[in-house]
Amino acid sequence: MKTCHLIVLLAVAGLSSSVLQVVPLSKLVIQGNHTNTPASFAALSCVVHPPQFTATWFYAGTALSSMGKYLVSQNALAFHDTTTYGSVLIIQLLSYSDAGNYTCMIQPSPANGSESYSATIQLILLVKLEVLGPTNITVNATTASQVELSCEMSQYIHPDGDLWWYRGRKRLDITKSKYSIEYRHGTKLAQNGGNDVTTSRVFVLTISRLTSSDSGVYTCRLFGTDQSGDVNLMVVGGEQVNITNATGRDAATTEGIILTYASLFFMALGPIVLGSVRSVNHQLQLQKKGEEASDRILMKDAAVFPLYASGGLFGLYLFFKYIPKEYVNLILSVIFIGLGISALARAICVLVDPLLPEALTSWFTKYHVKLTVTPPKKKPEESETTFNTGDLIVWVKCAALGVVYFFSKNWILNNLFGLAFCLNAIELISLDSFGVGCLLLGGLFVYDIFWVFGTDVMVTVAKSFEAPIKLEFPMDLLEKGLAAKNFGMLGLGDIVVPGLFIALLCRFDYNHHPNRSRAYFFISFFAYIVGLLLTIGVMHVFKAAQPALLYLVPCCVGAPLLLALCRGDIMDLFRYRDYPEKPTPSSQSEEPEPAHAKED
C-alpha cells in the first residue's frame, strides 16, 4: 500500500542535524531552540513507499531547485527512519521572507502506478520584538546632545534581521549623520558547546544634535512581520528659530542656524558694497556723456511707492488665495527668471570684462545695435547698445542656468539671480536726494511693519512666491547636503532699499569730500550691519516674524544724520543732488541785484 506523509525537521545553528519535531501535513513553527540559539535553516522532508519516485518542491507557485539558498535531494534516506526514502528540502540562511506554504509533489515510477501525491506545509517564523527601556523619554537638549532608543529582538531567525526605524510613517535615513543604528548583543548569555551565545539582539538608534524638532514617536519595525515597538521622545530646550519673517519652518540644529545666519548676513553685505562703489563709476560715465540716470527716484515717486508696493503685495495675496498656486508661480517664474537672466548676464559682464587680458578680448567680434522707436505723434526716440562675442557667450550660459532653475528651483541658482538683482539695482537706480531717501525709507518702514505685524499677507506671499525675490540658505545643509529643503531666507527688499540709500551717501562723499575719508558711506554701512544683526537677534530671541526695515531704517537714517550734525554738514547733505537742475534763462534774470548796485 502506497502512503505519503510529510516530516518536517528543524535544525539549529551549531547543533548536529537530528529529529527534533515531526509534524505530519501541518505546520512548522521556527523560533530559537531550547538553548536560545537563533535558527539558521529549516529542513522539510517528504517520505514515500516504495523508494522509486520523482519529487518536486514548490514555493509560491515556483519550482525549487538546488541553487542559491535551497538544497533539494532525491531518494535520500529519511532522517527519522533509515529504511524509508524521501526528498529533503533544506532552506538555508532563513529570513522572514521565507515564511509561507511549501508543497512537495511526488510522482511514483511507472512500475508503481501513475497516481501522484502532494502535501503542503506552512512555514511560520516567530520573532519577538519589544522596546528596551522606557517607552516615554524626555531629554533636555541643553545638557544632552544625543539620545539612544533601543529595540530588542528575541527568538530571532538570523543575527541581524531586517529592522528599520521610523519617525511617524517616514523611514529614517541612517546614511545621514543625524541618525545611526548600532547592533549589540543582548545582556543574557547561554552556553552552547562551550561557546557563549546571546538570547537576543539589540538595535540601538542614536539621534545626534538634538533640537525640539526631534520630538515625536519613533517606531522600530521588523520587515516582513507585524512586530513593532514605539518610543515617544520629547526634547525640551535647544529650540529652533525662524531665520526670517516668512519662512514658517524650523531650523534643524544650532550649527545649522548659525551657518544660515552667517551666510545670509555676508550675502547681504556684498551687493551693497560693490553696488555702491559701482554707482559712483556709473554716475561719472553719465556725466562725461552729459546724460542723467534714466532710473531716478524723485520726491513724488518716493511718496507713492509704498502705496504701489502695498497694492502689488495685496494683489499677489489674492492671487495665491483664490487661484491655484502652481499657475500663479508659473507666470511669475517666467517673468522673474527672464529678468534674472538679464541681471546675471550684465553683472558677470561688467565684473569680469575688466579682468580679461587684452590679448583675449581682441579676438571678440564687437557689435553695435541702434534702435529707433517712433511713438504716435511724438518725436522718434533712439537707443543704442554695444556688445561683443564674450557677452553673447555669457548670455547663452545665463539663459541655460535660467532653464535649469525653472525646473529645479535650485537654491544656489536662486541666490545667483537674487544677488545679480541687488547689484544692478543699487548701481543703476539713483535716489534724487537725501530727502528723497529719507521719505522712501520712512514710507517703507511703515509698510513693512503694517504688513508683517498687522496681517498675514506678507508671510503668505513670501511662503508661496517661488521666484528669485529672496536669498535662501538651507538650515539643514549639514544633515542633507545640497538636497536640503528647510530654508531660511532674506528678502531682496531688505538689501536693495537700504543699499540705494547707502549708495547715495557714497556718491555724496565722492562729490563733496573727494580728498577726505568716505565717512558717510562707512557710517551708513556700519549702521546697516548693526540693524541687520539686531533683526537677527530679535528673531532669535522672540521666535516670531520680524519686519527687517523696522530695525534697518532707524539705523541707516539716524547714523548719517547724527554725523552730519556733528560735522556741520546737515545743509550740504539735504541740498545734495546727483544731477542738479540746470539754471534756466528766466531763473537767471530773476536773481536779486547785488547789494553794492543798490547803493549806487
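Residues numbered from 1 in each chain as written. Predicted model: local features only at pLDDT ≥ 70, side-chain atom pairs only at ≥ 80, totals over all residues. Heavy atoms only, no water.

Undergrad: Which parts of the structure should I look at to understand the overall build of the protein chain?
TA: Scanning the protein chain from terminus to terminus reveals 15 helices and 26 strands. With 600 residues in all, the protein chain has 44% of them scored as buried. In the protein chain, once contacts between residues fewer than 6 apart in sequence are set aside, the share between residues at least 24 apart is 70%. Of the roughly 31200 Å² of accessible surface on the protein chain, a fraction of 61% belongs to carbon and sulfur atoms. (Helix = DSSP H or I, 4+ residues; strand = E, 2+ residues; numbered from the N terminus. Buried < 20%, exposed > 50% of the residue type's maximum accessible area, 1.4 Å probe, protein only. Contact = heavy atoms within 4.5 Å. Areas by Shrake-Rupley, 256 points an atom, 1.4 Å probe, with all protein chains shown as cover.)

Undergrad: Teacher, can you tell me more about the sheet that holds strand β19 (residues 216-222) here?
TA: Think of a sheet as strands paired side by side through backbone hydrogen bonds, with each pair either parallel or antiparallel. Strand order in this open sheet of five strands is β11-β20-β19-β13-β14, and the pairing throughout is mixed. Each having just a single partner strand, β11 (136-140) and β14 (170-171) make up the two edges of the open sheet. (Pairing = 2+ DSSP bridges.)

Undergrad: Explain the side chain of D214 here, please?
TA: By secondary structure assignment, the location of D214 is in the loop between β18 (200-208) and β19. Assessed through its relative accessible area of 3%, D214 is described here as buried. Only 2.8 Å separates the side chain of D214 from the side chain of K178, close enough to count as a polar contact. If near-sequence neighbours (up to four positions away) are discounted, D214 is found in contact with R167, K178, Y179, I207, R209, L233 and V235. (Polar contact = N/O pair within 3.5 Å; in protein donor to acceptor, adjacent residues only side chain to side chain.)

Undergrad: Looking at this model, I keep getting lost on the packing of helix α6 (residues 411-428) against helix α10 (residues 493-512). Mind explaining?
TA: A pair of packed helices is captured by two measures, namely the crossing angle of their axes and the spacing between those axes. Remark: α6 packs on α10, axes separated minimally by 9 Å, with the N-to-C direction vectors making an angle of 30°. In terms of axis orientation, α6 runs roughly parallel to α10. The two elements α6 and α10 cross, and the hand of that crossing is right-handed. Within the contact between the two elements, α6 uses C422, A425 and I426 and α10 uses I495, V496, G499, L500 and A503. (Axes fitted to C-alpha atoms, helices over the stretch in contact; angles between N-to-C directions. Parallel < 35°, antiparallel > 145°, perpendicular 65-115°, else oblique. Left-handed = near helix turned anticlockwise from the far one by under 90°.)

Undergrad: Would you mind showing me how to read the confidence of the model for the protein chain here?
TA: Detail in the predicted coordinates should be disregarded across regions flagged by low pLDDT. On average, residues of the protein chain carry a pLDDT of 76, and 76% of them reach 70 or more. The lowest-confidence element of the protein chain is strand β1 (residues 3-11), averaging 34 in pLDDT; the highest-confidence one is α6, averaging 93. Note that pLDDT drops below 50 for residues 187-198; the model gives that stretch 22 contacts with residues more than four away or on any other chain. (pLDDT = per-residue confidence, 0-100.)

Undergrad: Looking at this model, I keep getting lost on the packing of aromatic side chains. Mind explaining?
TA: Two aromatic rings are characterised by how far apart their centres lie and by the angle between their planes. Summed over the entire model, instances satisfying the criterion amount to 18 aromatic pairs. When the ring of F521 is compared with that of F525, the centres are 6.1 Å apart and the planes differ by 10°; the resulting orientation is stacked. Placement of both F521 and F525 in helix α11 (residues 519-542) is noted, with a separation of four residues, approximately one turn of the helix. When its relative accessible area of 7% is taken as the criterion, F521 is described as buried. An aromatic cluster of at least three residues, connected via ring pairs, comprises F314, Y317, F450 and W451. Between the NZ or CZ atom of R171 and the centre of the ring of W164, over which it lies, the distance is 3.7 Å. Taking the ring centre of Y405 as reference, the NZ or CZ of K409 above it sits at 5.6 Å. (Phe/Tyr/Trp six-rings, centres within 6.5 Å; stacked < 30°, edge-to-face > 60°. Lys NZ or Arg CZ within 6 Å of the ring centre and 35° of its normal.)

Undergrad: Hey, could you run me through the state of the cysteines in this one?
TA: Two cysteines whose sulfur atoms are joined by a covalent bond form what is called a disulfide. Going through the model one piece at a time under the given rule, you end up with one disulfide. The disulfide partner of C151 is C220, and the S-S distance across this bridge is 1.6 Å. For the disulfide bridge between C151 and C220, the dihedral angle about the S-S bond is near -60°, and by the sign convention the bridge is left-handed. Pair noted here: C151 is in strand β12 (residues 146-154) and C220 is in strand β19, with a separation of 69 residues, a long-range link. In this structure C151 comes out as buried when scored by relative accessible area, which is 0%. (Disulfide = S-S within 2.5 Å.)

Undergrad: Is there a simple way to explain the pattern of salt bridges in this structure?
TA: Proximity of charged atoms lets side chains of opposite charge pair with each other. Per the stated rule, a full pass over the model turns up seven salt bridges. Each of R278, R346 and E427 takes part in salt bridges that share partners, so that together they form one network. (Salt bridge = Lys/Arg side-chain N within 4 Å of Asp/Glu carboxyl O.)

Undergrad: Just to check I follow, could you spell out the environment of Y576 for this structure?
TA: As for its placement among the helices and strands, Y576 is situated in the loop between α13 (570-575) and α14 (585-589). Sequence separation between Y576 and D432 is 144 residues, and the spatial gap between their C-alpha atoms is 8.6 Å. In contact with Y576, other than residues within four places in its own chain, are Q283, D432, S433, F434, L504, R507, F508, N511 and H512. Within the local environment of Y576, its side chain forms a polar contact with the side chain of N511, the two groups lying 3.1 Å apart.

Undergrad: Would you mind going over a nonpolar patch on the surface with me for this structure?
TA: On the surface, a nonpolar cluster with roughly 620 Å² of combined accessible area is contributed by F314, L318, F319, Y322, I323 and Y327. Sort the elements by how many residues they give to the nonpolar patch and helix α2 (residues 299-322) lands first, with four residues. Position of I323 relative to the elements: it lies in the loop between α2 and α3 (325-352). (Patch = residues over 30% accessible without salt bridge, like charges linked within 9 Å, V, L, I, M, F, W, Y side chains within 5 Å.)

Undergrad: What's the story with the nonpolar core in this structure? I'm lost.
TA: Inside soluble globular proteins, nonpolar side chains tend to come together where they are buried. Counting residues in hydrophobic clusters, the biggest one holds 83 residues, and the most contacted among them are L431, V461, I495, F501 and Y528. Discounting residues that sit within four places of it in the chain, Y528 has contacts with A268, L269, I272, D494, I495, P498, I502, L552 and C556. Ranked by size, the runner-up nonpolar core spans 23 residues in total, among them V131, L163, W165 and L172. (Core = buried A, V, L, I, M, F, W, Y, C linked by side-chain atoms within 4.5 Å.)

Undergrad: Honestly, the side chain of S524 in this entry has me stumped. Any pointers?
TA: Mapped onto the fold, S524 is located in helix α11. S524 has contacts with I502, L505 and C556, leaving out every residue within four places of it along the chain.

Undergrad: For this particular structure, what's the right way to read helix α5 (residues 389-408)?
TA: What sets the pattern is the α-helix's 3.6 residues per turn: residues three or four places apart point alike. A rise of 1.5 Å per residue sets the reference length of α5, with its 20 residues, at 28 Å; its end C-alpha atoms lie 29 Å apart and thus fit the reference within 8%. Buried residues belonging to α5 abut α3, β23 (381-388) and α6. (Expected span 1.5 Å × (residues − 1).)

Undergrad: Looking at this structure, I do not really get unusual backbone geometry. What am I missing?
TA: Only a minority of non-glycine residues have a phi that is not negative, and only a minority of peptide bonds are not trans. We note that A60 has phi near 55°; this positive angle belongs to a residue other than glycine. In this structure, R209 takes a positive phi of about 50° despite not being glycine. Overall, R209 belongs to the partly exposed group, its relative accessible area being 23%.

Undergrad: How do you make sense of the packing of helix α1 (residues 254-288) against α11 when you look at a structure like this?
TA: Axis separation between α1 and α11 bottoms out at 11 Å; the angle between their running directions is 160°. Regarding the angle of α1 to α11, the classification is roughly antiparallel. With respect to the hand of their crossing, α1 and α11 are arranged in right-handed fashion. Residues Y261, F265, A268, L269, I272, V273 and S276 of α1 lie in contact with α11, whose contacting residues are F521, F525, Y528, I529, L532, L533, I536 and H540.

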